[in-house]
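Architecture and fold: a report
One letter stands for each residue in the lines below.
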Amino acid sequence: MIELDGVPELVDPVMVAAFEGWNDAGDAASAAVAHLDREWKGEVFAALDAEDYYDFQVNRPTVFLENGVRKVTWPTTRLSVIRTGGEKPRDLVLVRGIEPSMRWRSFCNEILGFAHELGVEMVVILGALLGDTPHTRPVPVSGVTSDPDLARTMDLEETRYEGPTGIVGILQEACTHAGVPAVSLWAAVPHYVSQPPNPKATLALLNRLEDLIGLRIPLGELPEDARAWQVGVDQLAAEDSEVAEYVQSLEEARDTADLPEASGEAIAREFERYLRRRDPGAGPGGAGPSHATDGGDASGGSAFLRDSASGRTRPPKKPLAGTDEGPDGGDEAGGEGGAASGDSGGGAE
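Residues numbered from 1 in each chain as written. Predicted model: local features only at pLDDT ≥ 70, side-chain atom pairs only at ≥ 80, totals over all residues. Heavy atoms only, no water.

Thoughts on the sheet that holds strand β2 (residues 43–47)
The eight strands are arranged β2-β5-β6-β1-β7-β10-β8-β9 in an open sheet whose pairing can be described as mixed. Single-partner strands in this sheet number two, and they are β2 and β9 (157–158). As paired strands, β2 and strand β5 (residues 77–82) are joined by four bridges and run antiparallel to one another. Of the residues in β5, the one forming a bridge with Ala46 is Leu79. Along the sheet, helix α6 (residues 199–213) makes contact with β1 (14–20), β6 (92–98), β7 (122–131), β8 (141–145) and β10 (182–190), crossing β10 at roughly 155°. (Pairing = 2+ DSSP bridges. Helix = DSSP H or I, 4+ residues; strand = E, 2+ residues; numbered from the N terminus. Contact = heavy atoms within 4.5 Å. Axes fitted to C-alpha atoms, helices over the stretch in contact; angles between N-to-C directions.)

Focus on unusual backbone geometry
For the bond running from Pro196 to Pro197, omega is 0°, close enough to zero to count as cis. Positionally, Pro197 belongs in the loop between β10 and α6. Non-glycine residue Asp12 carries a positive phi angle of around 40°. Within the secondary structure layout, Asp12 lies in the segment before β1.

Topic: the pairing of β10
For β10, a buried count of nine out of nine residues is recorded, marking the element as mostly surrounded by other parts of the structure. On β10, burial covers both faces: Ala182, Ser184, Trp186, Ala188 and Pro190 on one face and Val183, Leu185, Ala187 and Val189 on the other are all buried. One ladder, built from nine bridges, connects β7 with β10; its direction is parallel. Bridge assignment links Gly127 to a residue of β10, and that residue is Trp186. (Buried < 20%, exposed > 50% of the residue type's maximum accessible area, 1.4 Å probe, protein only.)

Side note on the pattern of salt bridges
A full pass over the atoms with the stated rule returns eight salt bridges. Salt-bridge contacts for Glu158 lead to Arg160; the nearest nitrogen and oxygen are separated by 3.7 Å. Given the relative accessible area of 27%, Glu158 is considered partly exposed. For Glu224, the salt bridge identified is with Arg227, shortest N-O distance 3.3 Å. In this pair, Glu224 and Arg227 are both assigned in helix α7 (residues 222–238), three residues apart and thus about one turn of the helix distant. Judged by relative accessible area, which is 43%, Glu224 ranks as partly exposed. (Salt bridge = Lys/Arg side-chain N within 4 Å of Asp/Glu carboxyl O.)

Describing α7
Given 3.6 residues per turn, any residue in an α-helix points the same way as the ones three and four places further on. With 17 residues, α7 should reach 24 Å at 1.5 Å per residue; the first-to-last C-alpha distance of 24 Å fits that figure. Those residues of α7 lying buried are Leu222, Pro223, Ala226, Trp229, Gln230, Val233 and Ala237. Along α7, the residues classed as buried sweep out an arc of 120° about the axis, all on the same side. Turned more than 90 degrees from where α7 packs its buried face, Gln235 and Ala238 sit exposed. (Expected span 1.5 Å × (residues − 1). Arc of directions from axis to C-beta.)

Details of a nonpolar patch on the surface
A grouping of Val63, Val72 and Trp74 is seen on the molecular surface, where their side chains present a nonpolar patch of about 280 Å² in accessible area. Take Trp74: it is sitting in the loop between β4 (69–73) and β5. (Patch = residues over 30% accessible without salt bridge, like charges linked within 9 Å, V, L, I, M, F, W, Y side chains within 5 Å. Areas by Shrake-Rupley, 256 points an atom, 1.4 Å probe, with all protein chains shown as cover.)

A closer look at the environment of Val189
Here Val189 lies in strand β10. Taking C-alpha positions, Val189 is 9.8 Å from Asp27, a pair spaced 162 residues apart along the chain. Apart from the residues within four sequence positions on either side, Val189 is in contact with Ala25, Ala128, Leu129, Leu130, Gly131, Thr133, Ser194, Asn198 and Ala201.

What follows is the structure, given as structure tokens:
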């Protein structure tokens, strides 16, 4: 039995999890949870025993000096709690770590044990995958669940994925079997600019999370970082005619696929988000106004036009529509996040 004497009773808690590794293209998902932890000053209350779940030859510990004393940091998964406050408070339990090397069922059971003890009402797992999506368009974010009732009530896609999976898929299935409502949010990261960080994809995940749980998230400098990121990739793409031509082909394919999204429902969603962020007092969290929408034309940090799996500095002349390369060079095509050319940021699938 897990005992949490140091954690106060939480208000309508939602668990938000992300794991570095195979399901974290561009570090977009883990950066989103790190952003929540940083902006809301999360308090760590538990860490899983690294000996139980990690191969230290794969995820090596690090040595550092602190006041002249050598210390070791072990790869692990940590849990922290956030008290948002506001008129309609909703607390968060953040799970942030590295995809475990072994004992995945025990790992998920331990996470679910914490969820049960804390009274978690829903688990949201963030992921990111590589896809044939142009960096100049809103980041596609798809929301999927294994629960048909949850898919219907929250306007999500019921997952139909079959194939290799990562800890995101395993944890979602464990939640479903335990009777805990669970949703996975997947951001599609352009395969030709896959190096972290990708603040535009991180921003898109946070915007979609905000819509899903009804909690206003302070974005800090993330919108500015995202815009700077896109400007940097634009400049690099403009220096290579072949890259520019390839990006244009992705844009045309994306715009054609997105025509049905130009509907009254999609416009209404965008307008509702605008109103929420325009009113500084709207919703909990206390975030100030922000003009970012779905990670749209945002982005920040350095960017490199390189396929991380093959080392190519230029994309192929034809789009990689049939690729089955996962976030870390694996063999998961669209993965559990659905097609990478799907929903554009805030729209539910």
